[in-house]
Amino acid sequence: MRVRLSARPINPSDLLFIQGSYGREAHFAPRPEMGTRGSGWAVAGFEGAGTVDALGSGTRGPAPGTMVAVAATGTWQEQVCVPSTSVIPIAPGVSAEAACQLTVNPFTAHLLMRDIALDPGDTLLLTAGASAVSRMVIHLASKRGLRCLPVVRRRGQARALARLGAQPLTVSSADALAEAVRGTPGHGQVGMVLDAVGGALGDAALRCLRPAGRFLSYGMLSGHPLSIHPDDLVFRQVSVQGFWLPARMEHLGEKELSSLTREVQDAVVCGLPGLEVAERHDLTDFGCALDRAMRPGREGKVVLTG
Ligand SMILES: NC(=O)c1ccc[n+]([C@@H]2O[C@H](COP(=O)([O-])OP(=O)(O)OC[C@H]3O[C@@H](n4cnc5c(N)ncnc54)[C@H](OP(=O)(O)O)[C@@H]3O)[C@@H](O)[C@H]2O)c1
């Protein structure tokens with residue numbers, strides 16, 4: 001089917017893709033080349049929202065005119081042709097700007113929740129604590145009775161996270177993290193870390209885990225590697241895992257995928273946090289939009305419109 005797109009977010013994964021450092025593109029396939037049409041030419045953007053424009057002959061799917069969220073590579077253009085399995089019809093009342101963010105972060109947050117084997121009252125530490133994914137996880141984890149410690153760099157972010165029921169830790173450097181964790185009630189009992197930063201902050205977060213705690217890496221915002229001491233793995237029995245949405249989605253059966261999709265749609269309709277928009281830029285103004293997306297201290301996504 002052909003979808004005429006009207007909104008696409010700029011996510012951290014888009015920046016990695018453009019830099020040639022994203023997932024399969026970086027490790028398994030020829031790197032995408034931007035700008036010149038021909039073999040290897042690639043369009044950025046992993047998700048978006050728009051209106052079904054036309055169905056191919058014999059194609060079943062939402063009727064022309066239906067608003068849909070799209071999961072596909074190459075959404076930073078006016079229209080895409082995708083199979084009907086790549087679109088999700090959007091409930092009335094959900095804006096295109098929220099819908100365009102539906103297929104990556106909300107699915108990630110819901111699947112991360114399935115990996116969090118903690119009991120009510122246990123502590124979850126989240127680096128990049130003010131990110132869209134973290135805010136979604138905090139919202140879902142708080143409902144399960146988990147104590148969330150999101151790590152942030154700014155006091156304003158901490159105040160917003162406290163309103164979601166978290167106990168935010170504002171730290172100016174990785175060295176300050178252990179002490180900040182020790183200063184919270186139930187200190188030293190971090191059962192799981194969700195890390196999207198890596199580098200020194202990821203290392204410091206791992207060292208905050210209680211014995212037999214779990215460290216789940218799902219992002220690389222610092223651009224630096226984790227350095228894990230064998231003592232933590234051997235004597236403290238800490239376990240380390242990675243999470244990648246495309247790999248997880250590949251392993252979902254049809255029934256699991258449709259129940260997850262319903263769960264995500266319901267959460268979005270009920271006001272899942274983390275879908276806020278900080279700035280809108282016309283698609284043709286993508287250079288400025290990228291510049292804004294790379295600046296620290298945003299309070300929502302930069303969205304490409306038009
Ligand atoms: N593995 C997967 O399948 C998967 C799927 C979805 C998302 N992700 C990852 O999840 C992470 C969050 O994505 P998002 O879309 O939720 O992000 P986002 O809303 O764009 O927010 C990014 C946040 O990260 C913080 N940050 C950036 N660089 C940092 C650094 N070096 N140290 C500490 N904090 C830093 C920013 O803080 P400031 O405001 O202080 O700048 C901001 O609050 C990204 O790493 C993304 O790649 C992974």
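Per chain, the residues get numbers from 1 upward, laid out in the order the sequence is written. Since the coordinates come from a predicted model, pLDDT governs what is reported: local features require at least 70, and pairs of side-chain atoms require 80 or more to be given and counted, while whole-chain, interface and lining totals use all residues.

Q: Please explain the packing of helix 4 (residues 105-115) against helix 5 (residues 132-143) as it appears in this structure.
A: Geometrically, a packed helix pair is captured by the angle between its two axes and the distance between the axes. Only the stretch in contact is used when a helix axis is fitted, and all axes are lines through C-alpha atoms; the angle between N-to-C directions ranges over 0 to 180 degrees. In this text, helices come from DSSP runs of H or I with a minimum length of four residues, and strands from runs of E with a minimum of two, each type numbered from the N-terminal end. Viewed as axis vectors pointing N to C, helix 4 and helix 5 meet at an angle of 45°, and their least axial separation amounts to 9 Å. It follows from the interaxial angle that helix 4 and helix 5 lie oblique. Classified by chirality, the crossing of helix 5 by helix 4 is right-handed. Within the contact between the two elements, helix 4 uses Asn105, Pro106, Thr108, Ala109, Leu112 and Met113 and helix 5 uses Ala132, Val133, Met136, Val137, Leu140 and Ala141. Charged residues are taken to be Asp, Glu, Lys and Arg, nonpolar residues to be Ala, Val, Leu, Ile, Met, Phe, Trp, Tyr, Cys and Pro, and polar residues to be all remaining types, Gly included. Looking at the contact of helix 4 with helix 5, its residues break down into ten nonpolar, two polar and no charged. To sort the angles, those under 35 degrees are grouped as roughly parallel, those over 145 as roughly antiparallel, those from 65 to 115 as roughly perpendicular, and the leftovers as oblique. The crossing is said to be left-handed when, going from far helix to near helix, the turn is anticlockwise and less than a right angle, and right-handed when the turn is clockwise. Contacts are defined on C-beta atoms placed from the backbone: any two residues whose C-beta positions lie within 7 Å are in contact.

Q: Please explain the nonpolar core as it appears in this structure.
A: Soluble globular proteins tend to bury their nonpolar side chains together. Joined through C-beta atoms within 7 Å, a set of buried Ala, Val, Leu, Ile, Met, Phe, Trp, Tyr and Cys residues constitutes a nonpolar core. The burial label depends on the number of other C-beta atoms within 10 Å of a residue's C-beta. Counts of 20 or more mean buried, 12 or fewer mean exposed, and intermediate counts mean partly exposed, with C-beta atoms placed from the backbone. Core analysis: the biggest nonpolar cluster contains 76 residues, and Ala49, Val68, Ala69, Leu125 and Val137 have the highest contact counts within it. Top contributing element to this core by residue count: helix 5, with seven residues. Split by domain, this core shows at least three residues from each of two domains, domain 1 (2-101 + 275-305) and domain 2 (114-246). With near-sequence residues (within four places) excluded, valine 68 lies in contact with Val3, Ala49, Gly50, Val52, Pro62, Val87, Ile88, Pro89 and Ile90. For the domain bounds, the source is a domain assignment made automatically or taken from a database.

Q: Looking at this structure, I do not really get the sheet that holds strand 7 (residues 147-152). What am I missing?
A: Picture the strands of a sheet paired through backbone hydrogen bonds; they go either parallel or antiparallel. Here, a strand pair is defined by DSSP locating no fewer than two bridges between the strands. With parallel pairing, six strands are arranged side by side in an open sheet as 8-7-6-9-10-11. For this open sheet the edge positions go to strand 8 (169-170) and strand 11 (239-242), each flanked by a neighbour on one side alone. Two elements, strand 9 (residues 190-195) and strand 10 (residues 209-217), share five bridges in a ladder whose sense is parallel. Note that in strand 10 the partner of valine 190 across the bridge is leucine 209.

Q: It is not clear to me how the environment of glycine 165 should be interpreted in this structure. Could you clarify?
A: Along the chain, glycine 165 falls in the loop between helix 6 (155-162) and strand 8. Take glycine 165: there are 14 C-beta atoms within 10 Å of it, and that puts it in the partly exposed class. Sequence-wise, glycine 165 and cysteine 148 are 17 residues apart; in three dimensions their C-alpha atoms are separated by 7.9 Å.

Q: Before we go on, may I ask you to explain the domain arrangement of the protein in this structure?
A: Note: interface size is frequently given as the accessible area lost on complex formation between the parts. Examined at the domain level, the protein breaks down into domain 1 (2-101 + 275-305) and domain 2 (114-246). Put simply, the middle of domain 1 and the middle of domain 2, counted by C-alpha atoms, are 29 Å apart. Taken together, the residues that form the side of domain 1 that touches domain 2 break down as one nonpolar, two polar and one charged.

Q: Can you help me understand the packing of helix 4 against helix 11 (residues 254-269) in this one?
A: Orientation of helix 4 relative to helix 11, taken along the N-to-C sense of each, is 115°, at an axis distance of 10 Å. As summarised for this structure, helix 4 and helix 11 are arranged roughly perpendicular, according to the angle between their axes. With respect to the hand of their crossing, helix 4 and helix 11 are arranged in right-handed fashion. Note on element contacts: helix 11 touches helix 4 through Leu260, Glu263, Val264, Ala267 and Val268, opposite Pro106, Phe107 and His110. Residues that form the contact of helix 4 with helix 11 fall into these classes: six nonpolar, one polar and one charged.

Q: Is there a simple way to explain the pairing of strand 13 (residues 301-305) in this structure?
A: Look at any regular strand and the pattern is simple: side chains alternate between the two faces of the sheet. Where burial is concerned, most of strand 13 is hidden: four out of the five residues are buried. In this sheet, strand 13 lies alongside strand 1 (residues 2-9) in antiparallel orientation, the contact comprising three bridges. The residue bridging alanine 7 from the neighbouring strand is threonine 305, located in strand 13. Pairing analysis gives five bridges linking strand 12 (residues 277-282) to strand 13, with the strands arranged parallel. Each bridged residue has a counterpart across the sheet, and for valine 277 the counterpart in strand 13 is lysine 301. Crossover handedness for the path strand 12 to helix 12 (residues 286-293) to strand 13: right-handed. Crossover handedness is defined by viewing with both strands directed away from the observer: a clockwise path from the first strand over the helix to the second marks the crossover as right-handed.

Q: Looking at this model, I keep getting lost on unusual backbone geometry. Mind explaining?
A: Glycine aside, residues mostly have negative phi, and peptide bonds are mostly found in the trans state. Despite not being glycine, alanine 128 shows a phi value in the positive range, around 50°. You will see that alanine 212, though not glycine, has its phi angle at about 65°, which is positive. Counting through the fold element by element, alanine 212 comes out in strand 10. A residue is classified by how many C-beta atoms lie within 10 Å of it, and alanine 212, with 10 of them, is exposed.

Q: Would you take a moment to explain the environment of leucine 169 for this structure?
A: Looking at the secondary structure, you find leucine 169 in strand 8. Take leucine 169: there are 21 C-beta atoms within 10 Å of it, and that puts it in the buried class. Residues leucine 169 and leucine 233 lie 64 residues apart in sequence; the distance between their C-alpha atoms is 26 Å. Contacts of leucine 169, omitting those with residues within four sequence positions, involve Leu149, Val151, Ala180 and Val181.

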